[in-house]
Every structure is written in structure tokens, then in C-alpha cells.
Amino acid sequence: MASAWSPRPYVRVDPRKAHTFSTTRRFTDGAPSPDVPYALHLTDDAGRFRLLALDFDAHHAGSTATTDLAKCTSALTTAGVEHLVCSSGPGGGYHVWIRLSAAISPARLTPVVDAFTAAWPSLDRGPLANPRTGCVRAPGSPHRSGGASVPLGDTDIRPASLRALHRVIEHLDTRPSPISAPHQQVTTRPVQVDIQGHPYLAGPRRPLTAKIRALANTPIPAGNDASAIGWSILLACAHSRMQHRDLAEAAFTARWPGLEFLRTHRTAVGRAPRLDAEQELTRQWTKAVTAASYTSPATCTTSPARRTVERTVADLLARMDSKPQQWQGKTGSQARLVLLALAARTLDAATEEVHFSERDWALAAGLARDTVADRLKDLTDRGWIRRTQRAVGPWAATWRLLAHGGGETRSGAVFSPALEQRLRAELESARADIWHARSLGVLGLRVWDLLRTQRLPVRQIAARLGICAATVRSKLGALQAYGLCTSNGRVYQGRSRLARAAALAGVTGAHADRMRLYRLQSAVFVWWFTTRYQQDQSDALGEWGHFPTPGEAEQVHPVDIALAYGATATGPPVEATTWGAAMAAQDRHREADPASWWELVAAARAALPAPDVLAAPHQWSSAAA
């Protein structure tokens, strides 16, 4: 059944029974060992959902898996959606499987998942919110603590359509209060990650309430649900803006009685110590932060940190508009995009200092990494930004905006959703593939963007952008050739129009290729650090092996290295260096299993030393990471 249902030609397996599912096994290799847990992806290789798995894990206070399961199956049956219920294992949870009649994009499925999550509190949103790596143990799969996922009905179920899922929402028994809006949308609070890669809610730290402190310090009676109590504490800690390291200290050093479920797990004869306690904390903490980040507009208030960031960004954009001469020419246009990308990252993080690697910065701004490096020096010298912490190891440098530097006072500009929309729209346009065409580039983008708001003669465009009239005519000719404007200055816009222009120019997928290349380079840099600092055979080293030696590098064909670097077929092959051989090895791994490649990179990176642990004299450049 797993091979018939799976959207991908492989399953994720957990050979160490650590709930990581870090490796894969193709169906052509045969079934995993009888005692090895395995899980099905919910999406195909394109990230579109082909399966739904509703995982009721009973870790939410005020709700039980059994109660939510009854409500779920009732709503599905009433809507005519066939489904399969499986008992999850010894923990008492359940999985409800739904096959989909057509591939559904994550964006179209999100309203359904939001409604299901609001109606059934014990539903684990994690696999449904992660189209890249989200997976759930398959029917019949063993559980790491014993037992298996046992089907409780007929496994021959007919696929359901998206329309049928919307019918399910009509039958949900959510009992909204009379004062709530009938179609209230769910919003999210900004989430950041610490230097180890663990998430937490952005904003100032808040104290835990007296009720939660009492719950955390009270021993749990034998008959009570330790998971439900522990979940209540974790959720409160997430709302209070605590971080993973705070919970690790509380659970394993201070040993809060209320977090017993992180140290032990339930068995048929009582509770037994967990062999994967730290991994369980990581998994549950990620779920708690995700749940805490979702809130309704009625209860969502802007934090002081977010308001400070909004004032800074509003002041920055006003100051940029007041000095148009600084954004003229090719370098000025590039510097503008670099500055806007930092403004967007600052808004996302809701903090004035953000980690930003040059490669991530380049991808956000639609530029090359070398271009970003050059413009950062210029913007720093001119007082627009400041680096507050140097890069060290695989950890990126920290940057902040200087919106009213140089002794200037604040502009008094007011931040608004329209202002943020304008900022993000400009960056989205800059990332379009069409601007990779040599005849357009960043100046073609500026000409097109200027004509979107007003029709101007060539000389006025040249004066506004600080370029010569001949360059403007050249860019206008290219825009007309690719169907983005007419001879009288009328501009065409929209994602589909930009995509068609990219196809005409032969640059479709150029931004995705750059993203692949930069992630590949970052992965190789992290791999090198993993080999250097983590000698205890991590998951990444177990799958990739150690970083190549110069002798091993000479055995790699130069063409493979050239392809890994993204070189064109007409260009000369890249010299067979150790770094190039590692690039080729990583790229082959990615092509073999694109779902787990970057996940292993993130896991390896999270296991590396923090910046302050690395030796001070070795301030390695982290531009590649």
C-alpha cells in the first residue's frame, strides 16, 4: 500500500529510532527491516500535496486525540470524503489518511489546514505545513517504542477533491463566539531562529504566569496526562519568547516536574527514560513555536520591537526617496536593491539586528553574490548600514539599518501595509528571471519599473536614472523585443508576462539556478566545517562521508565539477580542486534525494559550534554559508 500511495518513489526511514527519519529508501530496494519505522511524504517532488495525513497526537492541553478523532471522522463522513483511520502506536494517537484526486499546491491547501487546526486542537500541523519534507509514518509502519500504525478500516479508499475538502469545513463543529467574524483569517507572528537553528517567537522576553510556573513545578500524579501538561508549559514558554536553550536547561538541568514527558515516555508498565530526549525536545519545541505563531487578528498586537523596526524601515524608505541621486546608474541601482533586501529581512525578523549571509542577501535582492559584497562596502561607507558582528565559521555576519545616520533626524514617515507591499513588490520583481538577460540587467529593471508609474520621454528617463540616452534606448528596445513594453511607452507587468518574457529571452529558471548554486556552495562550506569540528559521525557525515582529500579530488572528472559550479557547456572546465570535487559530490547527493539534501545541511549546521566557541584567531569567512 505504501508504494501505491506514496507521491514519491521512496520512503523516509528511521533506522536509529530517533524520530529523525533522516534517510531514504527507494521502493526498488525492497521493504525496510520489520522493526524500522518508515514514513510517507505527503507531496510529490514538485511540492504539491497528493496525500493528507491528519496526525492526532494528544499533546495539546484541553483536548484529547480520541475526541478530536471522533469530530474529524464525523465531518469527513458527512462531507462524503473517504478516509482511513490508523492507530498511531503505543502513545494513543491516531492518523487519518485522505488521498487526493489531483495535486494541490500548498497555497490552495492552507485555508483547509487552518480550518482543521482551529477545529481539532490535537492535530499536528507540522507535516501539513512543510511541503518539502513533511511526512507521516505509513500505515503498517512500526513505532520506535513498539507496536505499529494499524489500519482500523478498509484501506481501499477513493481519492477526494479540493472541493470535497471545502465541504468538510462547512460541517466543522467549531462553535465560534457570536462576536467573532464569520470568516476570520489566521495570521502569524514573526519567527526567528537562534544560532543553532532552533525557532522562537520574535520580540521581548515575557515572564511566565503564576499558573504556568506552578504547573511546571508541581510533580505529575501517576494517572495524569504528562504530555498534555508538558504541552501547556511548552506553549506558554513559546508565547513568553523563551528559546530552545532555556527549555533545555529547564527540562534537563533544573528538571521541571511539569516537563517529565521530555525525559521519559509512557509504556505499558509505566514511564521509561527516553533515549532521544534532546531530539524530542527539539521536535516538541518546534511544534510549540509553530502553534504559538498562529493567532487571530483579534488577539494579535504589534510588539514594541516590531513597532521600532517599522519606524526604522519607514524612515529608511523616506530618506532613500529624498536622495534619488544616490541610486542612479548601475551601481546605484544595485545598492538600492541591497538596501531594500535588508529592510525586508529586518521586517521579517522584527529586530533591528539580523544575520544575513552575502548569498542569502543576493538571492533576496536578485543580484549576484560578488555584486552584493561590493555594494555592502559602499553602503557602509555612506552610512546606510552597519555590520554589528563579523562573520565567524558558518555563521553569517550581523547587520542593521542606519535610517537616520549622519546626524540627521527622523523623517517622521509612518509605516503602513501599503509601504511594506511596495517594498516587497519591488524585490519580487527584481528576482524575476528576465533581468538575467544580458540586454536588460538591473538597468532594464529600473527603466521598466519607472515606466510602470508614468510615461516619460527618453531624455527624462536618462536624467532620472543617471544614465545616457543611448542606454535608455537600448533597454527600451530589449523590453519591446521581449513583450514588456510598447513603442509608445506602455508597460506590461505581472508574473505571467515576466515569465513569458524570460522564455523569449532564454533565461527561464535563471534565479532558481542561482539559488541552487548558492545553496550548494553553502552546503559544501558547512560540510567542510562538519568534518573539521564534528568527528562523532553525524547524520550528515554518515551519509556524505568526510570532505574529499586532494588525492580524492583528482579522481573527479572536471566536467562534473563544471556542472556542479553551474558553468555553461561552452565554457572551459573548472580545475579539479578539492573544493570543486566536494561541489560535485554534494550536487550528486542532491539530485539523488532533493528532499533530504538541504535538511541534512541544516542539521549539520545546527550541530556545529556557536560563533563564540570557535577560536578567536580563526575568524573564518562565512560568505559561503
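Residues numbered from 1 in each chain as written. Predicted model: local features only at pLDDT ≥ 70, side-chain atom pairs only at ≥ 80, totals over all residues. Heavy atoms only, no water.

### Focus on the overall build of the protein chain
Heads up, the condition is: Helix numbers and strand numbers start at the N terminus; a helix is a DSSP run of H or I with at least 4 residues, a strand a run of E with at least 2. Any residue under 20% of the maximum accessible area for its type is buried, any over 50% is exposed, and the rest in between are partly exposed; the area is computed with a 1.4 Å probe on protein chains only. Any two residues whose heavy atoms approach within 4.5 Å are treated as being in contact.
Assigned secondary structure in the protein chain consists of 24 helices and 17 strands. Counting only residues that meet the buried cut, the protein chain has 49% of its 625 residues in that class. In the protein chain, 70% of the contacts between residues at least 6 apart in sequence involve partners at least 24 apart.

### A closer look at the packing of helix α11 (residues 329-349) against helix α14 (residues 417-430)
For clarity, the cut-off: Interaxial angle, 0 to 180 degrees, is taken between N-to-C directions of lines fitted to C-alpha atoms, where a helix line uses only the stretch in contact. Angles are sorted into four bins: roughly parallel if under 35 degrees, roughly antiparallel if over 145, roughly perpendicular if 65 to 115, and oblique for all others. Throughout, a crossing is termed right-handed when the near helix is turned clockwise from the far one, and left-handed when it is turned anticlockwise from it by less than a right angle. Classes in brief: Ala, Val, Leu, Ile, Met, Phe, Trp, Tyr, Cys and Pro nonpolar; Asp, Glu, Lys and Arg charged; the others, Gly included, polar.
Following both chains from N to C, one finds α11 and α14 inclined at 125 degrees, their axes separated by 10 Å at the closest point. Relative to α14, α11 is oriented oblique. The handedness of the crossing between α11 and α14 comes out as left-handed. Residues R336, L337, L340, A341, A343, A344, L347 and D348 of α11 form the contact with α14, whose own contacting residues are E420, L423, R424, E426, L427 and A430. Tallied by class, residues from the contact of α11 with α14 come to 9 nonpolar, no polar and 5 charged.

### A few points about the sheet that holds strand β5 (residues 84-87)
Convention followed: Pairing between strands requires that DSSP locate at least two bridges from one strand to the other.
Taken together, 4 strands build an open sheet; the order of strands is β4-β6-β5-β8 and the sheet is antiparallel. Strands at the two margins of the open sheet, each flanked by one partner only, are β4 (49-56) and β8 (150-151). Note that β5 and strand β6 (residues 94-104) share 4 bridges and pair antiparallel. If you follow C86 over to β6, its bridge partner there is H95.

### Looking at empty space enclosed by the protein
Selection rule: Lining residues are those with an atom within 4 Å of a point, where the points come from a 1 Å grid over the protein atoms alone and group into cavities, where a 1.4 Å probe fits but cannot get out, or pockets, open sets with protein on both sides within 12 Å along at least five of seven lines. Grid points are joined across faces, edges and corners, and a volume is the space filled by probe spheres set on the points.
Following the criterion strictly, the structure yields 1 cavity of 30 Å³ or more and no others. In this structure, the largest cavity spans a volume of roughly 50 Å³. It is helix α15 (residues 441-453) that contributes the most residues to the lining of the largest cavity, 4 residues altogether. A class-by-class count of the residues in the lining of the largest cavity yields 3 nonpolar, 1 polar and 4 charged.

### Focus: the confidence of the model for the protein chain
Selection criterion: Looking at any residue, its pLDDT shows the predictor's confidence there, from 0 to 100.
In this model, the protein chain carries a mean pLDDT of 82, and residues with pLDDT of at least 70 account for 84%. This model gives residues 174-187 a pLDDT under 50, and the stretch forms 15 contacts once residues within four places in sequence are excluded. Here residues 615-625 scores under 50 on pLDDT; set against residues more than four positions off or in separate chains, the count is 34 contacts.

### Structural notes on helix α7 (residues 244-253)
The following threshold applies: The directions from the helix axis to the C-beta atoms are what the arc is built from.
All of the buried residues along α7 are H244, D246, L247, A250 and A251. Considered in projection along α7, the buried side chains sweep an arc of 160 degrees and stay on one side of the axis. With respect to the buried face of α7, the exposed residues turned more than 90 degrees away are R245, E249 and T253. Of the surrounding elements, those touching the buried residues of α7 are α6 (226-239), α8 (260-263) and α9 (277-293).

### As for the pairing of strand β12 (residues 264-267)
Here 4 bridges tie β12 to strand β13 (residues 270-273), and the two strands are oriented antiparallel to one another. Following the sheet pairing, T267 is matched in β13 by G270. Counted along the chain from β12 to the antiparallel partner β13, the turn is 2 residues long.

### Topic: the sheet that holds strand β16 (residues 385-389)
The strands that make up a sheet pair up through hydrogen bonds in the backbone, lying either parallel or antiparallel. Taken in spatial order, the 3 strands line up as β15-β17-β16 in an open sheet, and their pairing is antiparallel. Single-partner strands in this sheet number two, and they are β15 (354-355) and β16. By the bridge criterion, 4 bridges tie β16 to strand β17 (residues 398-401) in an arrangement that is antiparallel. What sits directly across from I385, in β17, is L401. Each of β15, β16 and β17 is contacted by α11, which is oriented at about 100 degrees to β17, the strand it contacts most.

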